[in-house]
Amino acid sequence: MADEVDAIADAWARERPDLDVAPLQVLSRISRLAQLLDERRSQAFGQHGLALHEFDVLAALRRTGTPFQQTPGQLVEATHVTSGTMTNRLDRLAERGLIERGAHPDDGRQVLIRLTETGLRQVDAAFAALLASEDALLAGLSATQRANLATGLRRLLRTLTDP
């Protein structure tokens, strides 16, 4: 059951027998999967009028639970973008009526970003579409295979991100 990555790894092994190309077998597949996931996610979110980066902000708010609000700094931390990028995103989401800004009750210098009802409905619908799409992508794997894959990827991610 060979695929394009096997062909690439085989060609490199033939051309550079002095190098171990085994990492390609894992990481090239992860790279290709990431591209496919981005495409699928963009499609799922696009069906609900959202871009991937807009969903990230709305989802970060949604995951906090009622009243679905955070400071811009918390959103920067949750989405791993710069404060300038976040300001841009918040401006656009506010213009569309998906979020609103309000004063922080404990600190007048702070602003709270809150999901509007429209934003809540939109992010919930987009999330349901995402799960359906991603479940379909994993349909060829058993529950055990999914769990094993998740465990291996978690371990790999932790080795790359933990200090």
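Every value quoted in this text rests on a predicted model; they were computed, and no experiment measured them.

1. Thoughts on the packing of aromatic side chains
- Within the structure shown, the criterion is met by one aromatic pair.
- Ring geometry for F45 against F55: centres 4.0 Å apart, planes inclined by 15 degrees, an arrangement best described as stacked. Here the residue F45 occupies a position in helix α2 (residues 22–46), and F55 occupies one in helix α3 (residues 52–62), the gap between them amounting to 10 residues.
- Under the relative-accessibility criterion, F55 is labelled buried at 7%.

2. So, the pairing of strand β3 (residues 111–115)
- Bridge analysis of strand β1 (residues 69–70) against β3 gives two bridges, and the strand direction is antiparallel. Looking at β3, one finds that Q69 is bridged to R114.
- For strand β2 (residues 99–103) and β3, the ladder comprises five bridges, and the chain directions are antiparallel. When the bridges of β3 are listed, R101 appears paired with I113.

3. Observations regarding the UniProt feature "domain: HTH marR-type" (unreviewed entry) in the chain
- Residues annotated in UniProt with the feature "domain: HTH marR-type" (unreviewed entry) correspond here to residues 23–158.
- Taken end to end, residues 23–158 is 68% helix and 9% strand, and its two terminal C-alpha atoms sit 17 Å from one another.

4. Let's talk about the sheet that holds β3
- Read across the sheet, three strands follow the order β1-β3-β2 without closing on themselves; strand pairing throughout is antiparallel. Each end of this open sheet is capped by a strand with a single partner; those strands are β1 and β2.

5. Considering the environment of L156
- As for its position among the elements, L156 is in helix α7 (residues 143–161).
- Sequence-distant contacts of L156, that is, excluding residues within four places in its chain, are made with L27 and I30.

6. Let's talk about a nonpolar patch on the surface
- A surface patch of nonpolar side chains, amounting to about 650 Å² of accessible area, comprises V26, L27, I30, L37, L137, L138, L141, L149 and L153.
- Secondary-structure elements contributing two or more residues to the nonpolar patch are α2 and α7.
- Sorting elements by how many residues they give to the nonpolar patch places α2 first, with four residues.
- Residue placement: L141 occurs in the loop between α6 (117–137) and α7.
- Look at L141 and you get partly exposed, because its relative accessible area is 30%.

Rules used throughout
- Residues numbered from 1 in each chain as written.
- Predicted model: local features only at pLDDT ≥ 70, side-chain atom pairs only at ≥ 80, totals over all residues.
- Heavy atoms only, no water.
- Phe/Tyr/Trp six-rings, centres within 6.5 Å; stacked < 30°, edge-to-face > 60°.
- Helix = DSSP H or I, 4+ residues; strand = E, 2+ residues; numbered from the N terminus.
- Buried < 20%, exposed > 50% of the residue type's maximum accessible area, 1.4 Å probe, protein only.
- Pairing = 2+ DSSP bridges.
- UniProt positions renumbered as here; feature names shortened; annotations may be inferred.
- Contact = heavy atoms within 4.5 Å.
- Patch = residues over 30% accessible without salt bridge, like charges linked within 9 Å, V, L, I, M, F, W, Y side chains within 5 Å.
- Areas by Shrake-Rupley, 256 points an atom, 1.4 Å probe, with all protein chains shown as cover.
- Salt bridge = Lys/Arg side-chain N within 4 Å of Asp/Glu carboxyl O.

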